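# Examination of the molecular architecture
Given next are the chains, with one letter for each unit.
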Amino acid sequence: MPRPRIHDPGAALDAAESLAVRGGPAAVTIRAVAAATGMSNGALYHTFGSRSGVLGRAWLRAARRFLAVQNELVDARSNSDDGAAEEAVEAIVAAAEAPSVFAERFPDSSRLLLTVSREQLLGEDLPDDVAAEVRTAERALIDLMVRLAQRHWGRRDRRAVEVLTTCLVDLPTAILIHRDRISEPFAREQLRAAVRAVLAVGPPG
């Protein structure tokens, strides 16, 4: 019979997350995670396969947490008393603010997503199963944008999704993330105004 696990893999992911946030991706090594958790090197290799597997799983957990927060914010607008058109706008605005809400709930996970890019991950010797799950997480964000485009404009073509990409990716990155203002109320107010302005223009016909 296999030996029972006496360590929680989540603790290893917590440690990897903390190490990456405070020392960069290079700080995440099997030895460092073992020292932080009390797990043996062998147990970590058995659970995650490699250093890249630990880092990839930590990044993937953070990405899934972000998507869960973002979908929660969108779904909350589905129960509002606004009219259908205004409700759709507010759902998109809420989705755009997800980075700020995510940072409040999961500070280290938020910083990990900003510290370790997808390109860095896939540049590593990432296990195939983790790479596939990363791609699935990326598709989940695209699926959300398609759903919001359909809800707001009744269309799901490339141009409509590009407008949602501006609202949910480009504007939050420029206003909140690159300027390190993710927790500033005024920056969030600017973001909401910018998203509404872009939606007012809408996609080209």
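Provided above is the structure to which this section pertains.
All residue numbers here refer to positions counted from 1 along the written sequence of the relevant chain. Local features are withheld for residues below a pLDDT of 70 in this predicted model, meaning they are given only at 70 or higher, and side-chain atom pairs are given and counted only at 80 or more; totals for whole chains, interfaces and linings count all residues. Side-chain measures were taken over the full set of non-hydrogen atoms in the model, leaving aside hydrogen atoms and water.

## Examining the overall build of the chain
How we decide: Going along the chain from the N terminus, every DSSP run of H or I of four or more residues is numbered as a helix, and every run of E of two or more is numbered as a strand. For the exposure calls, accessible area comes from a 1.4 Å probe over protein chains only, and a residue counts as buried if that area is under 20% of its type's maximum, exposed if over 50%, partly exposed in between.
A tally of helices and strands in the chain yields eleven helices and zero strands. Secondary structure elements of the chain occur, N-terminal to C-terminal, as α-α-α-α-α-α-α-α-α-α-α. With respect to the principal axes defined by its C-alpha atoms, the chain has extents near 60 × 35 × 30 Å. Put simply, the chain has 205 residues, and 43% of those count as buried.

## Things to note about the packing of aromatic side chains
When we look at a pair of aromatic rings, we describe it by the centre distance and by the angle of the planes. For clarity, the cut-off: Stacked, tilted and edge-to-face pairs are distinguished by plane angle, under 30 degrees for stacked and over 60 for edge-to-face with tilted covering the rest, among Phe, Tyr and Trp rings (Trp via its six-membered ring) whose centres lie within 6.5 Å.
Tallied over the entire structure, the rule returns two aromatic pairs. Judged by centre distance (5.5 Å) and plane angle (75°), the ring pair of Phe66 and Phe102 falls under edge-to-face. Here Phe66 is found in helix H4 (residues 51-77), whereas its partner Phe102 is found in helix H6 (residues 98-105), with 36 residues between them in sequence. Across the pair, exposure class does not vary: Phe66 and Phe102 are buried alike. Between Phe102 and Phe106 the ring centres are 5.8 Å apart and the planes differ by 45°, which places this aromatic pair in the tilted class. Aromatic ring contacts, followed pair by pair, group Phe66, Phe102 and Phe106 into a single cluster.

## Comments concerning the pattern of salt bridges
To keep it simple, the criterion reads: Any carboxyl oxygen of Asp or Glu that lies within 4 Å of a side-chain nitrogen of Lys or Arg is treated as forming a salt bridge with it.
Scanning the model with the defined rule gives 15 salt bridges in all. Here Glu72 and Arg105 are joined by a salt bridge, their closest N and O atoms 2.9 Å apart. Remark: Arg105 occurs in helix H6 and Glu72 occurs in helix H4; sequence separation between them is 33 residues. Relative accessible area serves as the criterion here: at 40%, Arg105 is assigned to the partly exposed category. A cluster of three or more residues bridged by salt bridges with shared partners is formed by Arg57, Arg64, Asp129 and Glu133.

## A closer look at helix H11 (residues 185-201)
Count 3.6 residues to each turn of an α-helix, and residues three or four apart come out pointing the same way. Stated precisely, the cut-off is as follows: Take the residue count of a helix, subtract one, and multiply by 1.5 Å to get its expected span. The arc in question is the one traced by the directions running from the helix axis out to the C-beta atoms. Only heavy atoms enter the contact rule, under which two residues are in contact if any of them lie within 4.5 Å.
Taking 1.5 Å of rise per residue, the 17 residues of H11 would be expected to cover 24 Å, and the 25 Å separating its terminal C-alpha atoms lies within 8% of that figure. Among the residues making up H11, those that are buried are Ala187, Arg188, Leu191, Ala194, Val195 and Leu199. End-on view of H11: buried residues confined to an arc of 135°, all on one side of the axis. Looking at H11, the residues exposed on the side facing more than 90 degrees away from the buried face are Pro185, Phe186, Ala200 and Val201. In this structure, the buried residues of H11 make contact with helix H5 (84-96), H6, helix H9 (128-153) and helix H10 (158-177).

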